[in-house]
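A closer look at the structure
Residue-level listing of the chains:
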Amino acid sequence: MKKITLSILFLTLLLTSCGEYNKLLKSTDYEYKYEAAKTYFAKGQYSRVAVLLNELITIMKGTDKAEESLYMLGMSYYNMKDYQTAAQTFIQYYQVYPHGTYTELARFHAGKALYLDTPEPRLDQTATYAAIQQLQMFLEYFPESHLKEEAQQMTFKLQDKLVLKEYLSAKLYYNLGNYLGNNYQSCVITAQNALKDYPYTNMREELSILILKAKYELAYYSVEEKKKERYRETVDEYYAFKNEFPESKHIKEAEQIFKKAQDVLGE
């Protein structure tokens, strides 16, 4: 054990020199390069690890070191915050080693890397869907994992981001009003779909009041033969909103809409 410790210490001291690193890159001693990569990884010099392992992975294919090398490469990209490349490497790992030593961690970090790389809600959310998919696959394969709770929390946050995206779209439709057509109907449909897809969202109240407001505006600007029917839908929406959110901060606004709708209906 003492001999091994001294060897690692010697290797660590040797690799602190840039000149030695450059010599290492030219070396054909792949075993030495592999041990050097592990030393650099322990020291947090992940860019050097990535350079070495990208060469070694193909060479070591089929050996007992190939599996560890691929996972270590993924973690190097992850620690460098190159999350897209990290995720691709982790996905490659669990596809090649579906029952490998690091499969649980690779599946988890594939999802987490994509989670950390998701854009803000106003932008395209393709990456968010991809992150959710990876995290859900992790939970399916490892339902008893000690990382289960963290994966679930990340999934919930990503879903909240998707709901916020839908809410912002619905609100935009509402603000556009009758510009270039009737956008209130689009507002209602978008908000209702968000509630249907994510029934437990913490934005349920905001989506619901937006639906009520849009339904009133839709009724107000409707052609005469559709007005009464749409005002009745507004009244029904008010009752649904009041029942679900009796203490809502929007209750006064909801009551004003209800009164205006009732006045038109003569009820």
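To be clear, the structure that these remarks concern was listed above.
Note that this is a predicted model, so its numbers are computed, not measured.

Comments concerning the packing of aromatic side chains
Scanning all chains against the criterion turns up 19 aromatic pairs. Judged by centre distance (5.4 Å) and plane angle (65 degrees), the ring pair of Tyr-239 and Phe-258 falls under edge-to-face. One end of the pair, Tyr-239, is in helix H12 (residues 224-244); the other, Phe-258, is in helix H13 (residues 251-265), with 19 residues separating them in the sequence. In textbook terms, an aromatic cluster arises when at least three aromatic residues are bridged by ring pairs, as seen for Tyr-174, Tyr-184, Tyr-216, Tyr-220, Tyr-221 and Tyr-231. Sitting above the plane of the Tyr-94 ring, Arg-107 keeps its charged end 3.7 Å from the centroid.

Section: the packing of helix H8 (residues 126-141) against helix H9 (residues 148-176)
H9 packs onto H8 with a crossing angle of 155 degrees between their chain directions and a minimal axis gap of 10 Å. The orientation of H8 with respect to H9, classified from their angle, is roughly antiparallel. Helix-helix and strand crossings are classified by hand; for H8 and H9 the assignment is left-handed. Residues Thr-128, Tyr-129, Ala-131, Ile-132, Leu-135, Gln-136, Phe-138 and Leu-139 of H8 form the contact with H9, whose own contacting residues are Lys-148, Ala-151, Gln-152, Met-154, Thr-155, Leu-158, Gln-159, Lys-161 and Leu-162. Per-class residue counts for the contact of H8 with H9 are ten nonpolar, five polar and two charged.

What counts, and where the lines are drawn
Residues numbered from 1 in each chain as written. Predicted model: local features only at pLDDT ≥ 70, side-chain atom pairs only at ≥ 80, totals over all residues. Heavy atoms only, no water. Phe/Tyr/Trp six-rings, centres within 6.5 Å; stacked < 30°, edge-to-face > 60°. Helix = DSSP H or I, 4+ residues; strand = E, 2+ residues; numbered from the N terminus. Lys NZ or Arg CZ within 6 Å of the ring centre and 35° of its normal. Axes fitted to C-alpha atoms, helices over the stretch in contact; angles between N-to-C directions. Parallel < 35°, antiparallel > 145°, perpendicular 65-115°, else oblique. Left-handed = near helix turned anticlockwise from the far one by under 90°. Contact = heavy atoms within 4.5 Å. Nonpolar A, V, L, I, M, F, W, Y, C, P; charged D, E, K, R; others polar.

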